[in-house]
Amino acid sequence: MATKECIGKSSKAAGGWGALKSVGRQLIGSGQPVSGARTMLSANQPDGFDCPGCAWGDPEHGSSFEFCENGVKAVAWEATKARVTPEFFATHSVSELKTWSDYDLEYQGRLTHPVRYNPATDHYEEVEWDEAFAEIGAALNALDSPNCAEFYTSGRASNEAAFLYQMFVRLYGTNNFPDCSNMCHEASGVALTESIGIGKGTVRLEDFHAADAIFVVGQNPGTNHPRMLADLRAAVGRGAKVVVLNTLKEKGLHRFSDPQNKLEMIRGGSLPTSTDYFCPRLGGDMAVFRGIAKTVFAADDMARAEGRPPILDDAFIAEHSHGIDEYRTIVEATEWSLIEDQSGISRAEIEYMADIYTSAKSVITTWAMGVTQHRHSVATIREIASVMFLRGNVGREGAGLCPVRGHSNVQGDRTVGINEKAPKPLIDAMEKELGVELPREPGHNVMHAIGAMLDRSAKAFIGLGGNFARAVPDSALVAEAFERLELTVNVATKLNHGHLMPGTKSFILPCLGRTEMDKNSRGEKQIVTVEDSMSMVHGSGGINLPAAPTIRSEVRIVAGMAKATVGSDVVDWDGLADDHDLIRDMIARVLPIYGDFNTQVRQPRGFRLRNGASFRDFKTTTGKANFGVSDIPSATEWQMAQTKDATFILQTFRSHDQYNTTIYGMDDRYRGIYGARNIVFMHPDDIASLGREPRDSVDVIGCHDDGIERVARGFVLVAHDIPRGCVAGYYPELNCIVPHETFGEKSFTPTSKSVTVRFEPH
Ligand SMILES: Nc1nc2c(c(=O)[nH]1)N[C@H]1C(S)=C(S)[C@@H](COP(=O)(O)OP(=O)(O)OC[C@H]3O[C@@H](n4cnc5c(=O)[nH]c(N)nc54)[C@H](O)[C@@H]3O)O[C@H]1N2
Ligand SMILES: Nc1nc2c(c(=O)[nH]1)N[C@H]1C(S)=C(S)[C@@H](COP(=O)(O)OP(=O)(O)OC[C@H]3O[C@@H](n4cnc5c(=O)[nH]c(N)nc54)[C@H](O)[C@@H]3O)O[C@H]1N2
Ligand SMILES: [Mo]
């Protein structure tokens with residue numbers, strides 16, 4: 001393994017020639033460099049497809065083609081020439097494929113035929129579509145109760161596919177909708193609904209061009225939202241402050257060299273993407289924002305006493321907010337010593353951040369998994385919102401809250417009804433539309449689904465995309481539970497480990513990807529729609545020929561399963577599947593926020609869904625923006641670990657060469673890692689305190705105290721600039737030690753960024 005154990009040793013900036021080289025490799029590796037390049041030029045164009053890479057917004061004016069290395073990887077990975085055919089399955093048994101790596105499985109290429117597992121031979125074998133649907137329908141209808149089936153969604157599914165899916169599942173009789181967002185931004189949804197009355201962000205892309213300060217908390221855009229870097233560096237360029245809070249010194253958040261800027265590329269230049277950078281301990285962000293709030297209140301008192309203009313936005317607070325007195329009381333009761341210990345950031349540094357905050361007229365705060373995957377994530381996001389309310393930084397130009405979503409349509413899937421909580425207005429409207437009663441009792445989220453699989457009450461799993469069994473915590477336990485199920489069905493573009501844990505009856509159903517053309521029975525091109533992090537809905541139509549003539553769109557596959565399970569008396573599944581306009585008409589009848597959906601989505605950049613909070617119409621219980629009411633944790637996981645010998649807090653995150661469980665390659669260029677994924681980043685003094693050397697091989701032991709042994713074997717220690725007591729490593733390799741029983745309060749999100757671990761020699 002070649003590791004360069006310091007980010008300073010690789011090139012100084014993110015992007016640049018390194019990114020271009022990597023793109024060239026991806027396009028050549030896909031086997032079709034020329035058509036691959038043409039495909040790329042259609043990404044995020046008005047008449048092209050939505051890039052499946054991430055949910056960052058597209059500009060509303062001008063060409064939106066923005067170079068993004070990881071967008072190219074996502075597209076090239078899908079547009080590969082390689083194919084997984086029935087012959088492939090005839091050659092390789094499931095037992096053999098289980099021993100392959102995540103990378104090797106997906107690298108085999110696109111799935112071409114529906115296949116069914118044959119337990120007698122241990123091979124997947126080709127099956128006719130209608131036969132597969134009939135068997136799936138029969139198996140679902142044979143279950144004791146619809147609540148024994150889990151219907152998972154991953155956030156690439158289009159609005160049309162997701163809407164049909166929820167209609168099918170509810171007609172079948174359950175609200176069991178475990179969704180990838182349960183493991184992702186659920187805390188943002190819960191917290192923002194409480195704080196501002198909508199579980200979404202309030203900003204538009206244009207706001208980034210008008211903000212005076214942007215706080216970027218717990219996210220790594222250089223890898224996961226690369227197009228965001230261009231907006232950050234433009235902000236720095238025009239004099240705005242960009243303050244980063246990240247446990248690690250991520251390179252993309254320092255400097256970015258824009259591969260689209262020819263002069264810059266020739267000169268080898270780069271520009272900063274931030275002005276200030278702080279590295280809190282894992283889970284320490286709520287304490288930081290609490291400290292900012294303390295400073296703001298104190299500064300406001302002082303200003304008023306001295307007859308200067310107040311710091312607080314009195315008008316916003318009086319007219320639009322609720323609960324400031326209670327909030328002020330808990331803020332003032334929080335001791336600085338606790339804030340400093342929990343965050344690892346000094347009072348002086350926090351006061352400096354507060355000064356940036358109060359000096360800026362308009363502030364945006366963005367965040368992602370470094371904030372959402374902790375026990376107290378909901379309280380942390382409410383704290384962020386409260387700090388923003390103090391100066392009215394919500395619902396006006398250049399200001400607002402911005403959870404940066406993960407999957408390209410995870411937000412849209414929720415909007416069209418993938419929600420285990422069965423919201424009353426949605427169910428009322430669906431019942432009116434369909435003229436039948438639908439289930440109203442809440443169903444399963446991911447945590448509940450795992451519980452049901454482990455206690456054997458779940459009997460069937462249907463996955464609309466994704467890789468449930470690898471993406472969840474306690475992945476080793478879940479893998480065993482999967483094979484005990486009576487039915488497993490995976491709608492997928494590529495082979496992954498989740499397909500290799502077949503239940504008694506098991507199917508893989510191959511679907512079209514975003515880049516591919518979808519035509520109906522009359523030869524008319526169909527488009528789908530997606531919603532980005534800024535509530536913009538746009539159309540997406542592929543340009544490539546389908547990977548094989550035998551594969552079907554997700555919409556057709558969902559319709560096929562639905563027809564075979566619940567019949568066509570209530571819904572004309574074939575008719576809907578053949579004309580996506582009819583699905584959109586139905587969505588708009590059930591969810592009036594879509595307005596004249598079919599017309600609006602054909603406007604060049606689509607349209608924005610109504611988002612009351614972005615113009616200060618707060619649909620909360622009080623009708624106002626609600627200040628938070630939580631104490632900061634009395635001790636974070638990091639603080640608790642300090643009381644035990646040689647115990648660390650692990651965050652599990654993404655390398656530069658992966659898309660969730662999809663591994664594109666073995667490098668993590670910006671962190672100086674080449675050719676390896678089984679590694680643990682640790683502070684050099686911590687390595688020494690364990691009596692070890694960098695590059696020693698260790699076993700990572702999960703310390704959750706429930707009698708279950710959790711070990712990940714053979715990980716290499718890499719010295720890194722990371723707070724002491726905090727360590728980091730890659731998901732999904734480490735998911736076997738993330739316990740499923742520790743999850744976020746109110747969000748049920750696995751605590752993937754605060755896993756208590758210790759180390760033993762390997
Ligand atoms: N290329 C690519 N793009 C992607 C994805 C991908 O895998 N690959 N995944 C997509 C998905 S589904 C999602 S949800 C997003 C994920 O986007 P990110 O949230 O950026 O994903 P992570 O890799 O988990 O990175 C977490 C970041 O938060 C920091 N961090 C961790 N814990 C803490 C903490 O307690 N406090 C602070 N302040 N920082 C912390 C880590 O150091 C790291 O920089 O990206 C989406 N886009
Ligand atoms: N330890 C730890 N665990 C985590 C996280 C973490 O940070 N740490 N992050 C969590 C997060 S934020 C998320 S969102 C989840 C992600 O969990 P998932 O969304 O379940 O996982 P992915 O890896 O994105 O799914 C990859 C698979 O999706 C299929 N696929 C790709 N494109 C398409 C398509 O267009 N249609 C269909 N039907 N299938 C397609 C391919 O077969 C591919 O193998 O993981 C979570 N798990
Ligand atoms: Mo995500």
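Just so we're clear, the structure is a prediction, and the values are computed from it rather than from any experiment.

What counts and how
Residues numbered from 1 in each chain as written. Chains lettered and ligands numbered in written order. Predicted model: local features only at pLDDT ≥ 70, side-chain atom pairs only at ≥ 80, totals over all residues. Heavy atoms only, no water. Helix = DSSP H or I, 4+ residues; strand = E, 2+ residues; numbered from the N terminus. Rg over C-alpha atoms; globule rule 2.2 N^0.38 Å. Buried < 20%, exposed > 50% of the residue type's maximum accessible area, 1.4 Å probe, protein only. Contact = heavy atoms within 4.5 Å. Areas by Shrake-Rupley, 256 points an atom, 1.4 Å probe, with all protein chains shown as cover. Lys, Arg positive; Asp, Glu negative; His and termini not counted. Charge placed at Lys NZ, Arg CZ, Asp CG, Glu CD. Expected span 1.5 Å × (residues − 1). 1 Å grid on protein atoms, 1.4 Å probe; cavity = no way out; pocket = protein on both sides within 12 Å on 5 of 7 lines; lining within 4 Å. Points joined across faces, edges and corners; volume = space filled by probe spheres on them. Nonpolar A, V, L, I, M, F, W, Y, C, P; charged D, E, K, R; others polar. Domains from an automatic or database assignment. Pairing = 2+ DSSP bridges. Axes fitted to C-alpha atoms, helices over the stretch in contact; angles between N-to-C directions. Salt bridge = Lys/Arg side-chain N within 4 Å of Asp/Glu carboxyl O. Parallel < 35°, antiparallel > 145°, perpendicular 65-115°, else oblique. Left-handed = near helix turned anticlockwise from the far one by under 90°. Near = heavy atom within 4 Å. Polar contact = N/O pair within 3.5 Å; in protein donor to acceptor, adjacent residues only side chain to side chain. Phe/Tyr/Trp six-rings, centres within 6.5 Å; stacked < 30°, edge-to-face > 60°. Lys NZ or Arg CZ within 6 Å of the ring centre and 35° of its normal. pLDDT = per-residue confidence, 0-100.

Some points on the overall build of the chain
1) Next: When helices and strands are tallied, the chain shows 31 helices and 31 strands.
2) Next: Rg of the C-alpha trace for the chain: 25 Å, near the compact-globule value of 27 Å for 762 residues, within the 12% margin.
3) Next: Relative to its full complement of 762 residues, the chain shows a buried share of 64%.
4) Next: Restricting the contact set of the chain to residue pairs at least 6 apart, pairs at least 24 apart contribute 78%.
5) Next: Carbon and sulfur atoms make up 52% of the accessible area of the chain, which amounts to about 26,500 Å² in all.
6) Next: The averaged location of the 98 negative side-chain charges in the chain is 5 Å from the averaged location of its 78 positive side-chain charges.

Side note on helix α8 (residues 159-172)
1) Next: For α8, with 14 residues, the first-to-last C-alpha span of 20 Å sits near the 20 Å given by 1.5 Å per residue.
2) Next: α8 sits mainly inside the fold: 13 of its 14 residues count as buried.

Quick word on the layout of surface pockets
1) Next: There is about 1,200 Å³ of room inside the largest pocket.
2) Next: Surrounding the largest pocket, 37 residues form its lining, Thr193, Gly197, Ile198, Gly199 and Lys200 being those nearest its centre.
3) Next: When contributions to the lining of the largest pocket are tallied by element, the ones reaching two or more residues are α9 (186-196), α21 (410-415) and α22 (424-434).
4) Next: For the lining of the largest pocket, the element with the most residues is α9, which contributes 6 residues.
5) Next: Residues that form the lining of the largest pocket fall into these classes: 12 nonpolar, 15 polar and 10 charged.
6) Next: Of the domains in this structure, domain 2 (83-182 + 409-594) and domain 3 (186-408) are the two that each give at least three residues to the lining of the largest pocket.

Observations concerning the sheet that holds strand β20 (residues 536-540)
Whether parallel or antiparallel, the strands of a sheet pair through hydrogen bonds between backbone atoms.
1) Next: With respect to topology, 3 strands assemble into an open sheet ordered β19-β20-β21, the strand pairing being antiparallel. Here the strands that pair on one side only, and so sit at the sheet edges, are β19 (528-531) and β21 (607-608).
2) Next: This element, α8, spans β19 and β20 of the sheet and lies at about 90 degrees to β19.

What to know about the pattern of salt bridges
1) Next: Counted under the stated rule, the structure contains 48 salt bridges.
2) Next: For Arg514, the salt bridge is made with Asp50, and the minimal N-O distance between the two is 3.2 Å. Here the residue Arg514 occupies a position in the loop between β18 (505-510) and β19, and Asp50 occupies one in the loop between α2 (33-41) and α3 (69-78), the gap between them amounting to 464 residues. Assigned by exposure class, Arg514 and Asp50 land together as buried.
3) Next: Residues participating in the shared-partner salt-bridge network are Asp179, Glu186, Arg414, Glu420 and Lys421.

Quick notes on the packing of helix α23 (residues 446-454) against helix α25 (residues 475-483)
1) Next: Here α23 crosses α25 at 60 degrees, and the two axes come no closer than 9 Å. With respect to their mutual orientation, α23 and α25 come out oblique. Viewed along their axes, α23 and α25 form a crossing whose handedness is left-handed. Note on element contacts: α25 touches α23 through Leu477, Val478, Ala481 and Phe482, opposite Ile450, Met453 and Leu454.

A few points about the site of ligand 1
1) Next: In the vicinity of ligand 1, 31 residues are found, and the nearest of them are Asn246, Glu250, Asp285, Gln658 and Asn660.
2) Next: Asp285 is positioned such that a nitrogen or oxygen atom in its side chain is 2.6 Å from a nitrogen atom of ligand 1.
3) Next: At a separation of 2.8 Å, an oxygen atom of ligand 1 approaches a polar side-chain atom of His374.
4) Next: Contact with the protein chains covers 99% of the free accessible surface of ligand 1, which is 920 Å².
5) Next: Among the elements of the structure, α11 (221-224), α19 (369-372), β23 (648-653) and β24 (658-659) are those that each provide at least two residues to the shell around ligand 1.
6) Next: Residue assignment places the shell around ligand 1 across two domains, with domain 3 (186-408) and domain 4 (637-761) each supplying three or more.

Points about the packing of aromatic side chains
1) Next: Counted under the stated rule, the structure contains 33 aromatic pairs.
2) Next: Connected via pairs of aromatic rings, a cluster forms that spans Phe297, Phe316, Tyr327, Phe389, Phe618 and Phe627.
3) Next: Residue placement shows Arg156 over the ring face of Tyr659; its charged tip is 5.2 Å from the ring centre.
4) Next: The residue whose ring lies beneath Arg671 is Phe653, and the NZ or CZ to ring-centre distance is 3.8 Å.

Regarding the confidence of the model for the chain
Detail in the predicted coordinates should be disregarded across regions flagged by low pLDDT.
1) Next: On average, residues of the chain score 93 in pLDDT, and 93% of them reach the 70 mark or higher.
2) Next: With pLDDT under 50 throughout, residues 1-10 is counted as low confidence; its partners more than four residues away or in other chains account for 29 contacts.

A look at the side chain of Thr273
1) Next: By secondary structure assignment, the location of Thr273 is in the loop between β11 (271-272) and β12 (276-278).
2) Next: Under the relative-accessibility criterion, Thr273 is labelled buried at 0%.
3) Next: Within the structure, Thr273 has its side chain in polar contact with the backbone oxygen of Gly252 (distance 2.8 Å).
4) Next: A polar contact of 3.2 Å, which involves the side chain of Thr273, links it to the backbone oxygen of Leu253.
5) Next: Ignoring anything within four residues of it in the chain, the contact list for Thr273 reads Leu229, Leu232, Arg233, Val236, Val242, Gly252, Leu253, His254, Arg255 and Phe256.

Comments concerning the environment of Asn224
1) Next: Within the element layout of this structure, Asn224 appears in helix α11.
2) Next: Between the C-alpha atoms of Asn224 and Arg405, which are 181 residues apart in sequence, the distance is 9.9 Å.

Remarks on the sheet that holds strand β5 (residues 115-118)
1) Next: Taken in spatial order, the 6 strands of this open sheet run β6-β5-β18-β17-β16-β7, and their pairing is mixed. Edge positions in the sheet fall to β6 (123-126) and β7 (149-153), since each of these pairs with one other strand and no more. Put simply, the sheet's adjacent strands are angled 20 degrees from each other on average, direction ignored.
2) Next: Of the strand pairs in this sheet, strand β16 (residues 460-464) and strand β17 (residues 487-492) are connected by 5 bridges, and their pairing is parallel. When the bridges of β17 are listed, Gly463 appears paired with Asn490.
3) Next: Sheet strands in contact with α8 are β7 and β16, and its direction is about 170 degrees off that of β7.

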